[in-house]
Amino acid sequence: MRTANRIASVLLGAALLIGGAVTAVQAVLLTLHRRAPLDTTGWWDALSATRWRDPTVRTVATASLLLGLALLAAQLRRWAPVRLRADEHDGWYLHRRCVERRLADAAAAVPGVRRARARLRRHHGQWRPRVRASGDPAARTEIEFAVHQELHRLTAPRPARVDVRLLPRRRPA
């Protein structure tokens, strides 16, 4: 999402810069009683003749409103970080998806566990790993230990707890 935000910011900034420059040049030329580069009489006539009841006006207004709400919702949504700080002092970062893959592999390496999936979030400055796997429910402590060991290998901050959700293994019919 970071790239989309930068592209949208550049496009909005360019539009505002060009619009502001054209408006400033037009104002200076009108002040000096010179001919303006943009003929605004046609615009004024078209805008003053347009009514709210026209279907084109309502369609454009509705589309603008929906686009604005979609952009606002996209900006307000909390996105998972791409990078997570490994240590507060040294400035190293780890890619979140890579760490999730390694935690899932560590959980899947525990005997009796299959199809492990890990998610990693940052909550109040602490890492919160969540592991979901199918297998023996008695392997919960082994999974927690394996995840803690993998985080230790990555020199990641030790989380207060690891959320483990074990689903019972499905039996073939």
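Computed from a predicted model, the values in this text were never measured in an experiment.

A. The arrangement of the sheet that holds strand β4 (residues 126–135) in detail. Pairing in this open sheet of 3 strands is mixed, and the strands run β3-β4-β5 from one edge to the other. Bordering the open sheet on either side are β3 (113–123) and β5 (163–167), each of which pairs with just one other strand. This sheet shows a mean twist of 15 degrees between the axes of neighbouring strands, independent of strand direction. Sheet topology places β4 next to β5; 5 bridges connect them, and they run parallel. Note on β5: the bridge partner recorded for V131 is V164.

B. How the structure looks around the nonpolar core. Formed by 26 residues in total, the largest nonpolar core has its most connected members in V99, W127 and I143. The element best represented in this core is helix α4 (residues 96–108), accounting for 5 residues.

C. Region of the structure containing the pattern of salt bridges. If you walk through the whole model with that rule in mind, you get 6 salt bridges. In this structure, E150 and R102 form a salt bridge, with 2.6 Å as the shortest nitrogen-oxygen distance. Of the two residues, E150 is situated in helix α5 (residues 140–153) and R102 in helix α4; the sequence distance between them amounts to 48 residues. Since its relative accessible area comes to 6%, E150 is described here as buried. Judged by its relative accessible area of 35%, R102 is partly exposed. For E150, the salt bridge goes to R153, with nearest N and O atoms at 2.4 Å. Residue E150 and its partner R153 are both found in helix α5; the two are separated by 3 residues, about one turn of the helix. One continuous salt-bridge network, built from bridges that share partners, spans R96, E100 and R119.

Here is what the cut-offs are and how they apply
- Residues numbered from 1 in each chain as written.
- Predicted model: local features only at pLDDT ≥ 70, side-chain atom pairs only at ≥ 80, totals over all residues.
- Heavy atoms only, no water.
- Pairing = 2+ DSSP bridges.
- Helix = DSSP H or I, 4+ residues; strand = E, 2+ residues; numbered from the N terminus.
- Axes fitted to C-alpha atoms, helices over the stretch in contact; angles between N-to-C directions.
- Core = buried A, V, L, I, M, F, W, Y, C linked by side-chain atoms within 4.5 Å.
- Buried < 20%, exposed > 50% of the residue type's maximum accessible area, 1.4 Å probe, protein only.
- Salt bridge = Lys/Arg side-chain N within 4 Å of Asp/Glu carboxyl O.

Honestly, it's all geometry; don't read function into it.
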